[in-house]
Amino acid sequence: MNAIDTKVAEIPDGVSDKARQWLVHLYSGHATQADYDALEVWLASDSVHRTALKRVEAVWHNIGLFDDIEALATSIEASRKRRFNPLRMIPHPYHIAMAASILCVLCLFALTRYLPLDYRAVEYASLFGENKSVELDDGSVVMLSGDSRIEVILTDKQRMVQLLKGSAYFQVGSDKARPFHVVGRHSSVSVLGTAFIFWQGIDTDRISVTEGEVSVSLPSENTPLGARAILSGEQITVNKDGAVGNIIKFDPNVELAWVNRRLIYDGELLHNIITDMNRYHSKNISLKNINTNIAITLSLDVNNIDQALAGLVNAYGFKIYEDDHNIKIIND
C-alpha cells in the first residue's frame, strides 16, 4: 500500500479553482472565441480537468445556479463550425438572467474582479491546533476546526459558504428569505435556519445535524442526484465516488468533542482519525503500508496527539519516524 497523505484532495485545489474560473467566465457573457479555444485545450490536456469542471457544475446545478454543462459544451462545439459572433456565443437566455442574480455567488470561487465590492467573498481561516469561532453578519456562527478555511458571501437573496478546507460546525441564523448554502468537496448542504457539522475527510463528507433539518445534495460526476432531507440527530456520509451511506443516528457529544479541544472516536476508521489529528498538529502525519480501515476507539486532548500516536504504535506494532516536518507511521 502506498503512503497516504491525509491533506491531499482527490482533485488538486488548483485544478478545481481553475474549473470554477472557467464556469464563471463562460457564463458571464464576456467570453471570446479565444477563450473557448483555450478551454478546449485545457480540457484536452488532462482528463482530470473535465472531471473537475463537471463536478463543480454538478454542485452549482444542485443549488440552482446553472443548467447542465453539456448544453454549454454543445454550444462550444457548434461555435467552432461557424464564424465567430460574440452575440451568438452568449449562453442560453436563462443563463443571462441568472448571471445578474448570482453575481454574489461567483466571487465565492475567487473571481472577485467580476463583482461589486459589497458582494465580494470574505475568507476566514483557523491555524493548526486552533478552533476559531466566526460570527457572520446574518447572525450565523461558524466554528472552524483546526487548519480549516471558508469563503463567505452574504447578499439580500442568498447566503453562500464554500468549505475550502477542514471541517466546521454551523449554527445558522433563521432567514426564510435567504437560504444558507454550504458547498464542500463531495456534497452541498442547503438550510434556512439550523445547526449542523460538516466534516471533510480525504474521500468522504459527513454531515451531522444537531438541530432542525438540512437538505443534502449529492452530486456525481455526470448528473446531480436528488437532495436528501436529514433531520436533527441524523448523520449521512457522501464518498468521492458518489456512494451515499445510510442515514444513521449519532452521538453529538462525540461528533462535537473537537469544539472543546478533544477528539473522541468510537469505532472510527484510522485514516479519518489521522485526518483530524493533522488539523491540530504542526507536522504532517501520514501512514504507510497500514490498513487504514482499522476501527479505533480513542479519546484524547488535542494537545496530546504525540502521546496518542505512541499508544497506537505500541498497540499495533507499527513504527514511527519523525523529522522536523513529518511524522510517518509505518507497518514494516
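Predicted model, so just to flag it, every value in this text is computed and none were measured.

1. Looking at the nonpolar core
Considering soluble globular proteins, one finds that nonpolar side chains tend to be buried as a cluster. Within the largest apolar cluster, 29 residues are counted, with the highest numbers of intra-cluster contacts made by Leu263, Leu270, Met277, Ile285, Leu300, Leu309 and Ile329. At the level of elements, strand 10 (195–200), strand 16 (262–269), helix 8 (270–278), strand 17 (284–288), strand 18 (295–301), helix 9 (305–316) and strand 20 (326–330) are the ones that each hand at least two residues to this core. With five residues, helix 9 is the single largest residue contributor to this core. When neighbours within four sequence positions are excluded, leucine 309 is seen to be in contact with Ile274, Met277, Ile285, Ile320, Ile327 and Ile329. Ranked by size, the runner-up nonpolar core spans 23 residues in total, among them Phe180, Phe198, Ile207 and Val216.

2. Regarding the pattern of salt bridges
In total, this model carries eight salt bridges according to the counting rule given. With its nearest N and O atoms 3.5 Å apart, the salt bridge here joins arginine 149 to glutamate 123. Of the two residues, arginine 149 is situated in strand 5 (residues 149–154) and glutamate 123 in strand 2 (residues 122–125); the sequence distance between them amounts to 26 residues. Judged by relative accessible area, glutamate 123 falls into the partly exposed class, the value being 41%. One connected set of salt bridges, linked through shared partners, spans Arg206, Glu255 and Glu268.

3. So, the confidence of the model for the protein chain
On average, residues of the protein chain score 77 in pLDDT, and 71% of them are at 70 or above. Counted against residues more than four places away or in other chains, residues 220–225, with its pLDDT under 50, gives 14 contacts.

4. Some remarks on unusual backbone geometry
One non-glycine residue, aspartate 147, adopts positive backbone phi at about 50 degrees. Residue placement: aspartate 147 occurs in the loop between strand 4 (141–144) and strand 5. You will see that arginine 261, though not glycine, has its phi angle at about 65 degrees, which is positive. Within the secondary structure layout, arginine 261 lies in the loop between helix 7 (252–255) and strand 16.

5. A look at the sheet that holds strand 12 (residues 213–217)
Strand order in the open sheet made by the seven strands is 2-5-6-8-9-12-13, with mixed pairing throughout. One side of each edge strand has no neighbouring strand; the edge strands of this open sheet are strand 2 and strand 13 (228–231). Taking the axes of each pair of neighbouring strands and ignoring which way they run, one obtains an average angle of 25 degrees across the sheet. Across four bridges, the pairing between strand 8 (residues 180–183) and strand 9 (residues 188–191) is antiparallel.

6. Considering the environment of isoleucine 274
Following the sequence through the fold, isoleucine 274 ends up in helix 8. Isoleucine 274 gets classed as buried once you look at its relative accessible area, which sits at 0%. Linking isoleucine 274 and glycine 201, residues 73 residues apart in sequence, is a C-alpha distance of 9.5 Å.

7. What to know about helix 8
Along helix 8, nine of the nine residues are buried, which leaves the element largely enclosed by surrounding structure. Turning to helix 8, its buried residues number three or more, namely Leu270, His271, Asn272, Ile273, Ile274, Thr275, Asp276, Met277 and Asn278. Each element contacted by the buried residues of helix 8 is listed here: strand 10, strand 11 (204–211), strand 16, strand 17, strand 18 and helix 9.

8. Remarks on the pairing of strand 18
Residues Ile296, Leu298 and Leu300 line the buried face of strand 18, whereas the alternating positions Ala295, Thr297, Ser299 and Asp301 sit on a face that is not buried. Strand direction decides the pairing type here: strand 16 and strand 18, joined by six bridges, are antiparallel. Among the inter-strand pairings, leucine 263 is bridged to a residue of strand 18, identified as leucine 300.

9. Concerning the packing of aromatic side chains
Summed over all chains, the structure comprises three aromatic pairs. Relative to phenylalanine 196, the ring of phenylalanine 170 has its centre 5.1 Å away and its plane inclined at 20 degrees; by these criteria the two rings are stacked. Linking phenylalanine 170 in strand 7 (residues 168–171) with phenylalanine 196 in strand 10, this pair joins segments that are 26 residues apart in sequence. Residue phenylalanine 170 is classed as buried on the basis of its relative accessible area of 0%. We classify phenylalanine 196 as buried; its relative accessible area is 0%. Members of the aromatic cluster, each reached through a chain of ring pairs, are Phe170, Phe180 and Phe196. Directly above the aromatic system of tryptophan 199 lies the positively charged group of arginine 206, at a separation of 4.3 Å from the ring centroid.

10. Describing the sheet that holds strand 10
Pairing is antiparallel across the open sheet formed by seven strands, whose spatial order is 3-4-7-10-11-14-15. Here the strands that pair on one side only, and so sit at the sheet edges, are strand 3 (132–135) and strand 15 (248–249). Pairing of strand 3 with strand 4, which is carried by four bridges, proceeds in the antiparallel orientation. Opposite lysine 132, over in strand 4, you have leucine 144 as the bridge partner.

Basis of the calculations
- Residues numbered from 1 in each chain as written.
- Predicted model: local features only at pLDDT ≥ 70, side-chain atom pairs only at ≥ 80, totals over all residues.
- Heavy atoms only, no water.
- Core = buried A, V, L, I, M, F, W, Y, C linked by side-chain atoms within 4.5 Å.
- Buried < 20%, exposed > 50% of the residue type's maximum accessible area, 1.4 Å probe, protein only.
- Helix = DSSP H or I, 4+ residues; strand = E, 2+ residues; numbered from the N terminus.
- Contact = heavy atoms within 4.5 Å.
- Salt bridge = Lys/Arg side-chain N within 4 Å of Asp/Glu carboxyl O.
- pLDDT = per-residue confidence, 0-100.
- Pairing = 2+ DSSP bridges.
- Axes fitted to C-alpha atoms, helices over the stretch in contact; angles between N-to-C directions.
- Phe/Tyr/Trp six-rings, centres within 6.5 Å; stacked < 30°, edge-to-face > 60°.
- Lys NZ or Arg CZ within 6 Å of the ring centre and 35° of its normal.

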